[in-house]
Structure formats: structure tokens, C-alpha cells
Amino acid sequence: MVNSETTRIWNQSIHRYHYLGFSLIPGAQIKYIVRINNQIIAQLSFGASAWKYAPRDTYLGRSQARRKGNLNLIFNNSRFLYFTMSQIKKN
């Protein structure tokens, strides 16, 4: 369930514990908060891929038309955070 409290928890945890910190994720996105017994153990977010990225496009060997047609099938992992047991016990 997405609400302002969930968003606040997500943003604060990423800001505090992720080495890249918090920043807005551009474009389409999905975020997950993983819980066990109502305790947060991990957070993940995925966003839309870059429209053009030469190394990726060269590696995949796609034509310009095929790249445009299949771009919606590629996503970007923008944040992955898991908590250690000591961090879980502190929260």
C-alpha cells in the first residue's frame, strides 16, 4: 500500500542507510519494502531505463527501430538496500 507514511519511511531509510543516499527517481518507477513480522528487512526500487545508452545498445546489437520498440522491456535497478541484523534490532 502506498501512502505518505510509506513514502516517508522509504525516503528516510534510503537517505540514512544507502551509500548513494536519496534522490528522486525520474520516469516510471516501482518501489518495494520487504518486511518480515512487520520489520523492514530490505528496500528495492526499479525505474525506467535510459532512452539511449551506447554501451548497452552496442552490446545488445539492436537497430535504432528495434531499440525504440523494445525499450519498455528494459528497466533499471535504482536502489537496493538490505538491513543487517544489528540494523534491524536498532530500528
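What this report covers is the structure whose coordinates are included nearby.

About the cut-offs
Residues numbered from 1 in each chain as written. Predicted model: local features only at pLDDT ≥ 70, side-chain atom pairs only at ≥ 80, totals over all residues. Heavy atoms only, no water. Phe/Tyr/Trp six-rings, centres within 6.5 Å; stacked < 30°, edge-to-face > 60°. Helix = DSSP H or I, 4+ residues; strand = E, 2+ residues; numbered from the N terminus. Buried < 20%, exposed > 50% of the residue type's maximum accessible area, 1.4 Å probe, protein only. Pairing = 2+ DSSP bridges. Salt bridge = Lys/Arg side-chain N within 4 Å of Asp/Glu carboxyl O. Patch = residues over 30% accessible without salt bridge, like charges linked within 9 Å, V, L, I, M, F, W, Y side chains within 5 Å. Areas by Shrake-Rupley, 256 points an atom, 1.4 Å probe, with all protein chains shown as cover.

### Notes on the packing of aromatic side chains
Then, number 1: Summed over all chains, the structure comprises 3 aromatic pairs.
Then, number 2: Ring geometry for Tyr17 and Phe83: centres 5.3 Å apart, planes at 85°, overall edge-to-face. Linking Tyr17 in helix H1 (residues 4-17) with Phe83 in the loop between strand E3 (75-82) and helix H4 (85-90), this pair joins segments that are 66 residues apart in sequence.
Then, number 3: On the basis of relative accessibility, which here comes to 23%, the residue Tyr17 falls in the partly exposed class.
Then, number 4: Seen from their ring centres, Phe80 and Tyr82 are 6.1 Å apart, and the 55° between their planes marks the pair as tilted.
Then, number 5: Phe80 sits in the partly exposed class, given a relative accessible area of 44%.
Then, number 6: Judged by relative accessible area, Tyr82 falls into the exposed class, the value being 56%.

### Concerning the pairing of strand E1 (residues 29-36)
Then, number 1: Of the pairings in the sheet, the one linking E1 to strand E2 (residues 39-48) comprises 8 bridges and is antiparallel in character. Within E2, the residue paired with Arg35 across the bridge is Ile40.
Then, number 2: Count of turn residues in the E1/E2 antiparallel hairpin: 2 residues, of which Asn37 carries a positive phi of about 50°.

### Some details on the pattern of salt bridges
Then, number 1: Counted by the stated rule, this structure contains 1 salt bridge.
Then, number 2: Measuring nitrogen to oxygen at the nearest pair gives 2.4 Å for the salt bridge that ties Arg8 to Glu5. In this pair, Arg8 and Glu5 are both assigned in helix H1, 3 residues apart and thus about one turn of the helix distant.
Then, number 3: A residue is classified by how much of its surface remains accessible, and Glu5, at 39% relative accessible area, is partly exposed.

### A closer look at a nonpolar patch on the surface
Then, number 1: On the surface, Ile30, Tyr32 and Val34 cluster together into a nonpolar patch covering about 240 Å² of accessible area.
Then, number 2: Position of Val34 relative to the elements: it lies in strand E1.

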